[in-house]
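Residue strings, one per chain:
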Amino acid sequence: MTPRDGRPWLPVALLLLQVPGCWCLSGPTSVTGTVGGSLSVQCQYEEKFREMVKYWCKSPCVWSTVKTKEADLEESNGRVSIRDHPANLTFTVTMENLTEGDAGTYWCGIVTSWLPGYFLDPTFLVVVSVTPVPSSVRPTRTPGLHRILPAPTWSTMTPKESPNPSQYPGAVLWVNRPQ
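Read on for an overview of the structure. Residue indices begin from 1 for each chain and proceed along its sequence in written order. In view of the model being predicted, local features appear only for residues whose pLDDT reaches at least 70, and side-chain atom pairs are presented and counted only at 80 or more, with totals across whole chains, interfaces and linings using the full set of residues. Side-chain calculation: all heavy atoms of the structure are included, whereas hydrogens and water are not.

### Quick word on the side chain of Ser81
Right, so step 1: Take Ser81: it is sitting in strand E7 (residues 80-85).
Right, so step 2: A relative accessible area of 9% means that Ser81 is categorised as buried.
Right, so step 3: The contact criterion used is simple: two residues touch if any of their non-hydrogen atoms lie within 4.5 Å. In contact with Ser81, not counting residues within four places along its chain, are Val66, Glu74, Glu75, Ser76, Thr92, Val93 and Thr94. Helix and strand assignments come from DSSP, with helices taken as H or I runs of at least 4 residues and strands as E runs of at least 2, each series counted from the N terminus. For every residue, the accessible area obtained with a 1.4 Å probe (protein chains only) is divided by the maximum for its type, and the residue is called buried under 20%, exposed over 50%, and partly exposed between those limits.

Structure, rendered in C-alpha cells:
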C-alpha cells in the first residue's frame, strides 16, 4: 500500500511504533546533580492517565525502580522516591545521596499495558548526569601548613620584647604588656 504520490508509508508507521516515548507524557530531557546531593524530575501527563500507576526506571527498563501506589502518597525504594500529583497532572521523582553510578538514562512511565517489561507503556526519556563535588567546596590542604609550630612561653620573652615574626611564620602571637 502506498499513498497517491507512490511513497511507502507502512515502514514509516512501523518505525514510529518502535520509538519509545509518546507526546502524552513530558518532562525534562536531562537533569544534573552532584555527588552526595539530590535531584528531582517532574513528569507531566494527560488527564486520561490520572488514575494510572506511574513509575521511574533506569534503562534498560525491565523493572521499575519505584512506582506509585496511591495519589499524593510518596513511595520510596532506597534513595529514590516518587509522588503522583493528580491535581496538576504531574508526578515527581526524587533521587537523594547521588553517586556517580546513578548517572544514566531513565524513563518516566505510566503503566497501561499488562505485558511485563513496560514495552507498550507511555514513557519519556530523561538523561541523568551526576558530577563530582566542585573542588571549591572540598576542604583544601596547602603543603607545609599542617606543621605544628612551637608556642612561645613567657620564660622566653620579656614584657619589653616582641617576637620576631620570622621565628614563627604563620603564627599569631599575643603579647601581654603591662600598662
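### What to know about the packing of aromatic side chains
Right, so step 1: Stacked, tilted and edge-to-face are the three classes applied to pairs of Phe, Tyr and Trp rings, where Trp contributes its six-membered ring and a pair requires centres within 6.5 Å; stacked means planes under 30 degrees apart, edge-to-face means over 60, and tilted covers the rest. Taken as a whole and judged by the stated rule, the model has two aromatic pairs.
Right, so step 2: Between Trp56 and Tyr106 the ring centres are 4.9 Å apart and the planes differ by 10°, which places this aromatic pair in the stacked class. Of the two residues, Trp56 sits in strand E4 (residues 54-58) while Tyr106 sits in strand E9 (residues 104-110), which places them 50 residues apart along the sequence.
Right, so step 3: Judged by relative accessible area, Trp56 falls into the buried class, the value being 0%.
Right, so step 4: Classification of Tyr106 by relative accessible area gives buried; the value is 4%.
Right, so step 5: We count a charge as sitting over a ring when the NZ of a lysine or the CZ of an arginine lies within 6 Å of the ring centre and within 35 degrees of the ring normal. The ring of Tyr45 is capped by Lys54, whose NZ or CZ atom sits 4.3 Å from the centre of that ring.

### Details of the environment of Ile82
Right, so step 1: Mapping Ile82 onto the fold places it in strand E7.
Right, so step 2: With 27 residues separating them along the chain, Ile82 and Tyr55 place their C-alpha atoms 7.6 Å apart.
Right, so step 3: Discounting residues that sit within four places of it in the chain, Ile82 has contacts with Lys54, Tyr55, Trp56, Val66, Lys67, Thr68, Leu73, Glu74, Glu75, Phe91, Thr92 and Val93.

Coordinates in, geometry out; function isn't part of it.
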